[in-house]
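# Residue-level structure breakdown
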Amino acid sequence: MAADADDGVEDVVVSANRIAQETSRVGDSVTVISAKDQRRSQKTVVSDLLAATPGVTMTRNGGLGGTTQLSIRGAETHHTLVLLDGVKLNDPSQASGGFNFADLLANDYAQIEVLRGPQSTLWGSQAIGGVVNIVTPVPEGPLSGAVSAEGGTHDTAALRAHAQAGGERFAWRVGGNYLTSDGISAFSRDLGGREQDGYRNVGFNARGIFHISDNFSAEIRSTWSDGRSKFDGFLSVPPYSFTDTPEYGTTEELVSYAGLNIGAFDGRLENRIGFAYTDTDRHNTDPSSSVPTTFDATGRNERWEYQGTLRINDQLSAIVGLESERSELSTVSPSTFDPNPTPLTGDVQTDSAYAQLNATLLEVVSLSAGVRYDDHDTFGSHTTSRASAAWSVTPSTILRASYGEGFKAPTLYQLYSQYGNANLDAEEAESWDAGIEQHLFNKRLVVSATYFDRDTTNMIDFVSTATPPFGYYDNMQKTNASGVELALSAQITEHLAFSANYTNMDAENTARGTANFGHTLPRRPSETANAQLSYDWSFGLSTSVAVQHAGRSFDSISNTYVIDGYTLVDLRAAFEVTDSLEVYGRVENVFDEDYETVRRYGTLGRAFYAGLRQSF
């Protein structure tokens, strides 16, 4: 994404090369969602923010709190690596190792980076489709804070608050959030769903930074959330159809990090030593069953890491890193047939090393090249590489190109469950993209176009058999995704701004000899588009209209059920009552579009929300 047309300040990203860089010097395709973008959108959850960016599609099983998954450039949903300040959020207890965005609320982040294309060289397993890195604010300045509250349709209420302060030696920030909604029926109302499947989420975060000396600092941060969502399921007796049920699930997530930052040689060498820990506990309950607990799972991830960044001179820098990661799972699914089954447990260790060189030639060409080695204690070793280039052909024209390799290690479930296969290999991907970004009228108009192509091989799929346990996992699938991403950002007048993006993509199964060869991958619309027109009035009122479009797609790889395309329109307004008080409101899905992202699941119709923000 180019510089913000409002202030001319260029975006800086961390995820592309694991160091802070201006986007004009990054060869990879990346979008930055700024704090201002988040505030203007008034979105409640991060997934809705991401769905408005190029190459990203989102599906949700029902309303707020329903299972929410994202696909980047047609990759599998579990091929997206999700980070919070560089700490991996993906859940080791998930069968596919993916991340459920349902409980990730939009909580005044500094920015959100969407890095498209395989990125395993710097970020390891799962970064095949791309990386989503959520960056929290660094506390600074005198004591300050803010509180916001809103309410709306479906008895939805939300409250957020934070406070922070930063001095010469110590800086801190604490925050919290609460969200509740009666929701809609997860089972589509058009098919007979009637009960409301509500959602509740409470969260807390804290961060502290201690500057021991000019070259030595320590940091600790932690984020905790607890979500509870009702969902619908299948009848336990014939005809076993999907319908309203009283089931609900809880998800408790803890993300923590502690680290030391050590500088040397007048700041030319930066060293970071850290320990990251994530713990995800999921629990499903069916109050109508004689065995109420239907699922219980815990996934933990512990990672020790070292990263050194050496700035050799103004044109050349090097990054080296070492990581040691241990993932654990424990999962059990009681039923009336087996109320006390033996839990599935497992753990795996992965040790990694990576290195990358970044060079700037003649102040106009930025190059990067890197390699990574991973040693997985079950499937063995794996090596990936990447390279990228950004060339400022003129002060207003930037050419970009990148090549990247990605891999995804078999999950603990795929290795050790009753369907497990200890001989599985890692899934692999190769991808390249190339694009141009053009600045016009002193950057008041920025247009870009990018073409991408990715082949993914060795993909793990379930193979059915006629004898118990009636199947196993094996490396047998191949896919390809290619397409073009277009984007435009225009500051038409001092008060009027317009932005838009469009993605056209073909994503298909390329495994010859299989029943679904040549079929379109499920839930990947061939076309997606987003647009926003905003006007800031001179008396403190800001207004905007946003449009989101998704073309038709298929619900399964067999391509037998078509999910129709849809177009959603939102209206938003905010008014600054004083320098510290703002009132705002929005109407979502203005025309009450009836649509699906997942077959049989309901979606929110027209909804109204209003709130206020008070800062101090």
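Because the structure is a prediction, the values reported are computed rather than measured. (Residues numbered from 1 in each chain as written. Predicted model: local features only at pLDDT ≥ 70, side-chain atom pairs only at ≥ 80, totals over all residues. Heavy atoms only, no water.)

### Structural notes on the overall build of the protein chain
Helix and strand counts for the protein chain come out as four helices and 35 strands. Computed over its C-alpha atoms, the radius of gyration of the protein chain comes to 24 Å, within 12% of the 25 Å expected for a compact globule of 616 residues. Taken across its 616 residues, the protein chain has 50% of its residues classed as buried. Long-range contacts, defined as pairs at least 24 residues apart, comprise 59% of the intrachain contacts of the protein chain with a sequence gap of at least 6. When the accessible surface of the protein chain is summed, it comes to about 26,700 Å², and 56% of that surface belongs to carbon and sulfur atoms. Each charge sign in the protein chain was given a centre, from 45 positive and 78 negative side chains, and these centres are 2 Å apart. (Helix = DSSP H or I, 4+ residues; strand = E, 2+ residues; numbered from the N terminus. Rg over C-alpha atoms; globule rule 2.2 N^0.38 Å. Buried < 20%, exposed > 50% of the residue type's maximum accessible area, 1.4 Å probe, protein only. Contact = heavy atoms within 4.5 Å. Areas by Shrake-Rupley, 256 points an atom, 1.4 Å probe, with all protein chains shown as cover. Lys, Arg positive; Asp, Glu negative; His and termini not counted. Charge placed at Lys NZ, Arg CZ, Asp CG, Glu CD.)

### Brief notes about the nonpolar core
Here is a general trend for soluble globular proteins: nonpolar side chains tend to be buried in one another's company. Among the nonpolar cores identified, the biggest contains 25 residues, and Leu50, Phe101, Leu104, Tyr109, Ile112 and Ile134 are the most heavily contacted of them. At the level of elements, α2 (46–50), β4 (56–60), β5 (68–72), β6 (80–84), β8 (111–116), β9 (130–135) and β17 (248–264) are the ones that each hand at least two residues to this core. Among the elements that make up this core, the one with the highest residue count is α2 (three residues). Those residues within four positions of phenylalanine 101 in sequence are excluded, and the remaining contacts are Ser47, Leu50, Thr68, Leu70 and Val82. Val13, Ile19, Trp123 and Ile319 belong to the second-largest nonpolar core, a separate cluster that totals 15 residues. (Core = buried A, V, L, I, M, F, W, Y, C linked by side-chain atoms within 4.5 Å.)

### What to know about the packing of aromatic side chains
The full count for this structure, using the stated rule, is 12 aromatic pairs. Where phenylalanine 234 meets phenylalanine 242, the ring centres are 5.2 Å apart and the plane angle is 50°; that geometry is what we call tilted. Centroid distance phenylalanine 462 to tyrosine 473: 5.6 Å. Interplanar angle 75°. Geometry classified as edge-to-face. Here the residue phenylalanine 462 occupies a position in strand β26 (residues 445–464), and tyrosine 473 occupies one in strand β27 (residues 471–491), the gap between them amounting to 11 residues. For tyrosine 473, a relative accessible area of 14% puts it in the buried group. Among the aromatic residues, those joined into a ring-pair cluster are Phe187, Phe234, Phe242 and Tyr601. Residue placement shows arginine 599 over the ring face of tyrosine 561; its charged tip is 4.1 Å from the ring centre. A cation over an aromatic ring shows up here: arginine 613 above the ring of tyrosine 584, its NZ or CZ 4.2 Å from the ring centre. (Phe/Tyr/Trp six-rings, centres within 6.5 Å; stacked < 30°, edge-to-face > 60°. Lys NZ or Arg CZ within 6 Å of the ring centre and 35° of its normal.)

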